[in-house]
Amino acid sequence: MIGKRAIFFVFAVSLLLLLMNSTSEAIDTAEIDRVRNKGVLDSKDFKIIDSFVAEAVRELVETRDFTSIAKHRTVILSRSSSSEQSAAAQYAEQFSESAYKYISKAFEEAEELIPEEQKHKVIVNLLILVDGLEDIRLAELGTKMVHNDSSIIRYWAVHSITNPGFIKQLNPTATTNLEIAESITKELKKVVNEVGPETLALIAEFAAEVDIPQAEALLLQAADMRISKYADWTVKYELLDGTILKLLDNKIPTEGENTPAIARRFAQLYSYAIQRYVKGQDYLNGTQKQQLASVLVETEILCISRRLRMAQSIIKKAVEEGDFATLTQEHSRLLGDETRAGQLAVELKFDYGEKADDSKRTAPLLLPGPPKIEAGE
């Protein structure tokens, strides 16, 4: 046990060093490179692939040379496929099987043998490897880690099962892939209200790209989470909402039963962004104001103009001139108020729910004023 702890002590160094690159190779690649260049593989070749993956993963986990960690990942990733098209399927199947076996074992050993203060850095390295491999067989390994208490581990776990190359494998109609997509979505729904903005961005983009009904519900949940953060003035990194608004806008079909639900989230989130910008001038810092201004203007140009089929620039001009009265008027015109439905609601045929008297609400929820700033803050 003492020897194991000594091996992994180096992982106490910062995550930045984990990601450093290197060009030298410590892992013997001669045999695996020979196999990669063969047109037909036999049982001996499969053993070579298996041995290579076992050694490479072990080196990745146990290396004492901290600057070599990224190099070990590169060695593995660069040899995850065959150079010969005729042997590609054989090679890929064996490599995938071996990767699952040895990376799974490495995760288990990390949990059981490594001191708590160093464990998460080992797990992060393994997740970055899983992320790079983009192997649907490894989805289970990333999915298990999305509930981890470490924000870094959660980020890389989510990244490993939501990166674009991985998502492409989920959308085909194969039953197995569909089940994996549903399983991932189910687990992401459990954590969407707990993750930070950088991880939520990954989840939202995944939800918008994966073509299953559960993914659309996940996107709406992500939007609801941001809406609730605006409502109590705890939202962070407002720039994220420009992305979420575009994702919502892209999911609004020309017709369909889910149109009102998606459009309502889009309108409420945009409304809160505008209201926060107007009401928070004496509360928000410069960065927050700049981020909100970008969200307001880009959404008008990229989404509102497209939906109303004409160039819109009133919000852009009002923001540039600091004209909050015009900005408020445009908010009411586009999104509605207590007296009438907004132009966007008329175009997309949605409302904001029902009032106590069962009539339809034509106005988005009103954002309360910002919290009072205590003396000395």
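Residues numbered from 1 in each chain as written. Predicted model: local features only at pLDDT ≥ 70, side-chain atom pairs only at ≥ 80, totals over all residues. Heavy atoms only, no water.

A.B. asks: I'd love a proper account of the overall build of the protein, names of residues and values included.
C.D. replies: Counting its regular elements, the protein contains 19 helices and 0 strands. Buried residues in the protein amount to 50% of all 377 residues. For the protein, the share of sequence-separated contacts (at least 6 apart) that also reach a separation of at least 24 residues comes to 69%. (Helix = DSSP H or I, 4+ residues; strand = E, 2+ residues; numbered from the N terminus. Buried < 20%, exposed > 50% of the residue type's maximum accessible area, 1.4 Å probe, protein only. Contact = heavy atoms within 4.5 Å.)

A.B. asks: So what about the confidence of the model for the protein? Which residues, and what values?
C.D. replies: Confidence in the prediction for the protein averages 89 pLDDT; 89% of positions are at 70 or higher. Below a pLDDT of 50 lies the segment residues 1–25, which in the model reaches 56 contacts outside its immediate sequence neighbourhood of four places, other chains included. (pLDDT = per-residue confidence, 0-100.)

A.B. asks: So what's going on with the side chain of glutamine 268? Which residues, and what values?
C.D. replies: Mapped onto the secondary structure, glutamine 268 falls in helix α15 (residues 259–279). At a separation of 2.7 Å, a polar atom in the side chain of glutamine 268 contacts the main-chain amide nitrogen of leucine 365. In this structure, glutamine 268 is in contact with Ile227, Tyr352, Pro364 and Leu365, ignoring residues within four places of it in sequence. (Polar contact = N/O pair within 3.5 Å; in protein donor to acceptor, adjacent residues only side chain to side chain.)

A.B. asks: How would you explain helix α11 (residues 175–191) if you had to name every residue and give the values?
C.D. replies: With 17 residues, α11 extends 25 Å from end C-alpha to end C-alpha; this agrees with the ideal 24 Å at 1.5 Å per step. Buried within α11 we find Asn177, Ile180, Ala181, Ile184, Thr185, Glu187, Leu188 and Val191. Against the buried residues of α11 lie α8 (139–144), α9 (151–160), α10 (164–170), α12 (197–209) and α13 (213–231). (Expected span 1.5 Å × (residues − 1).)

A.B. asks: Quick rundown of the pattern of salt bridges? Include the residues and the values.
C.D. replies: Enumeration over the complete set of coordinates arrives at 22 salt bridges. Between arginine 137 and glutamate 93 there is a salt bridge whose closest N-O contact spans 2.9 Å. Highlighted residues: arginine 137 in the loop between α7 (116–133) and α8 and glutamate 93 in helix α6 (residues 88–113), separated in sequence by 44 residues. Residue classification places glutamate 93 among the partly exposed residues on the basis of a relative accessible area of 41%. (Salt bridge = Lys/Arg side-chain N within 4 Å of Asp/Glu carboxyl O.)

A.B. asks: Outline the nonpolar core, supporting the account with residue identities and numerical values.
C.D. replies: Val57, Phe95, Ile103, Phe107, Leu170, Ile184 and Leu188 are the most contacted members of the largest nonpolar core, which totals 115 residues. The residues contacting leucine 170, other than those within four sequence positions of it, are Ile136, Asn177, Ile180, Ala181, Ile184, Phe206 and Val210. (Core = buried A, V, L, I, M, F, W, Y, C linked by side-chain atoms within 4.5 Å.)

A.B. asks: Lay out the packing of aromatic side chains in plain terms, naming residues and giving numbers.
C.D. replies: Considering all chains together, one arrives at 6 aromatic pairs under this definition. Measuring from ring centre to ring centre gives 5.4 Å for tyrosine 155 and tryptophan 156, while their planes differ by 85°; the resulting arrangement is edge-to-face. Residue class for tryptophan 156 comes out buried when judged on its relative accessible area of 16%. An angle of 35° between the planes, with centres 6.2 Å apart, marks the rings of phenylalanine 266 and tyrosine 270 as tilted. Of this pair, phenylalanine 266 and tyrosine 270 both sit in helix α15, separated by 4 residues, roughly a single helical turn. (Phe/Tyr/Trp six-rings, centres within 6.5 Å; stacked < 30°, edge-to-face > 60°.)

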